[in-house]
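# Descriptive analysis of the structure
As a plain string of letters, each chain reads:
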Amino acid sequence: MRAARRTLRRPSDLVAAGLVPPARRTAIEAVAARYAVAVTADVAELIDSADPRDPIARQFVPDPAELETSAQELPDPIGDDAHSPVAGIVHRYPDRVLLKPVDVCAVYCRFCFRRETVGQGRALSRAELAAALDYIRTHSEIWEVILSGGDPLVLAPRRLAEIVAALAAIEHVKVIRVHTRIPVVEPARVTGALVRALQARGKATYLVLHMNHARELTAKARAACARLIDAGIPMLSQSVLLRGVNDDAAVLAELMRALVECRIKPYYLHHGDLAPGTAHWRTGIDEGQALMRALRGRLSGLCQPTYVLDIPGGHGKSPIGPGYLRHVRGSNGTARYEIEDFNGRRHGYPPTP
Ligand code: SF4
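My aim in this report is to walk through the structure given alongside it, one point at a time. Each chain carries its own residue numbering, running from 1 in the written order of its sequence. It should be noted that, the model being predicted, local features are given only for residues of pLDDT at least 70 and side-chain atom pairs only at 80 or more, the latter also being counted only at that level, while totals for whole chains, interfaces and linings use all residues. Side-chain calculation: all heavy atoms of the structure are included, whereas hydrogens and water are not.

At least two bridges found by DSSP between two strands is the condition for calling them paired. The helix count covers DSSP runs of H or I at least four residues long, the strand count covers runs of E at least two residues long, and both are numbered beginning at the N terminus. Spatial ordering of the open sheet is given by E1-E2-E3-E4-E5-E6-E7-E8-E9, a layout of nine strands whose pairing is mixed. Because the sheet does not close on itself, it has two edges, and the strands there are strand E1 (89–93) and strand E9 (317–319). With strand direction ignored, the average angle separating the axes of adjacent strands in the sheet is 30°. In this sheet, strand E8 (residues 306–310) lies alongside strand E7 (residues 264–270) in parallel orientation, the contact comprising three bridges. Considered in E8, the bridge of Leu269 is made with Tyr307. In the packing of helix H10 (residues 249–261) onto the sheet, contacts are made with strand E5 (204–210), strand E6 (235–240) and E7, and the angle to E7 comes to roughly 145°. The contact rule is simple, with two residues in contact once any of their heavy atoms fall within 4.5 Å. Only the contacting stretch of a helix is used when fitting its axis, a line to C-alpha atoms as for every element, and angles between N-to-C directions run 0 to 180 degrees. Here helix H11 (residues 285–298) sits on the sheet and contacts E7 and E8; the angle it forms with E8, its principal contact strand, is near 160°.

Right, let's get into the site of the ligand. With respect to spatial proximity, the complete set of residues near the ligand consists of Cys105, Val107, Tyr108, Cys109, Cys112, Arg181 and His210. Both cavities and pockets are sets of points on a 1 Å grid over the protein atoms alone; in a cavity a 1.4 Å probe fits but cannot get out, in a pocket the set is open with protein on both sides within 12 Å along at least five of seven lines, and lining residues sit with an atom within 4 Å of a point. Throughout, a molecule is located in a cavity or pocket provided that more than half of its atoms lie within 2 Å of its grid points. Its atoms largely coinciding with the cavity grid, the ligand occupies the largest pocket. Of the residues belonging to the shell around the ligand, the class tally is five nonpolar, one polar and one charged. We define proximity as follows: a residue is near a molecule or strand when any one of its heavy atoms falls within 4 Å of that partner. Charged means Asp, Glu, Lys or Arg here, nonpolar means Ala, Val, Leu, Ile, Met, Phe, Trp, Tyr, Cys or Pro, and polar covers whatever is left, Gly included.

Note that the residue after Gly149, namely Gly150, is joined by a cis bond; omega there is 10°. Here Gly150 shows up in the loop between strand E3 (144–147) and helix H6 (157–168). Omega for the peptide link from Gly321 to Pro322 comes to 10°, which places this bond in the cis form. Of note, Arg263 is a non-glycine position whose phi angle comes to about 70°, a positive value. Locating Arg263 in the fold gives a position in the loop between H10 and E7. Taking relative accessible area as the criterion, Arg263 reaches 46% and is therefore assigned partly exposed. Buried, partly exposed and exposed residues are distinguished by accessible area as a fraction of the type maximum, computed with a 1.4 Å probe on protein chains only: under 20%, between the cut-offs, and over 50%, respectively.

Purely geometric stuff here, so don't read any function into it on its own.
Put into structure tokens, the structure is as follows:
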């Protein structure tokens, strides 16, 4: 039995939709009291509730394991707060800022790195937004503004258009990047009005889609992405490496190829952040590197994301490999490089040009 086309927000909704067994309801209520829950109708329809390991359910249906927080996990795992000079702004790198107009998302991913802050129904007030825009205006080193959140595409197109127009009017801002999950979790929101709202006059708008499994790219999601790309908005993707969802070379390969087939360039594969209650999703870095190595061997360069770790404490992202080049010393003591090919074979390379 499935509920009508509305977003499921309460454990009782999830039980009624057949996504949670009735016997689990009390345990899920404890999770929902701690972290926001939302499963859109599009996502609910994708879930195979007969499969206890369904990779879509695993991303969105609460699990009692979320209440187990380990000592190394952090409420602000990527250190946003340390770089927030005014409400709604995170200024971590010199040439770009995050602007977070809203903390609401269409869905709440169970592994969310901002799970302690999203889903509380907050949006920047007019005065806070004005202060955030002033911050961007007065920092001429800001070349790119990343609209994040929450999910900025939950905003009404008119409100979004106002923000995009205000950013486009700032001379030194050349690029507006939008981080969103909307085209896959609620593709009907990608209307003509929303697409027009994103088209910044005289500036480039990029859209970075968060998705983690090829099944998320339904026909409706593909059509929504095509509407954006056909309107001149290039798309990239970011995925999170998640145990039980995509920690498998064949699954990752299918995901990356599906993205490229839709004209979406895989950008980041994130190592799981140390968000509270998410240990059951995290892999080891060595496992992530082995998966990247497997992709390198079997997939086009277009399908290769960069495997990155957001360094806890707010120190930014770094690529975490694997590495293919190393220094070696020959039997006569001379140094040279050794480079590994996609079959794992090593080849010498001279140390000087
Ligand atoms: S869409 Fe992004 S911000 Fe929202 S819950 Fe998922 S990961 Fe977190």
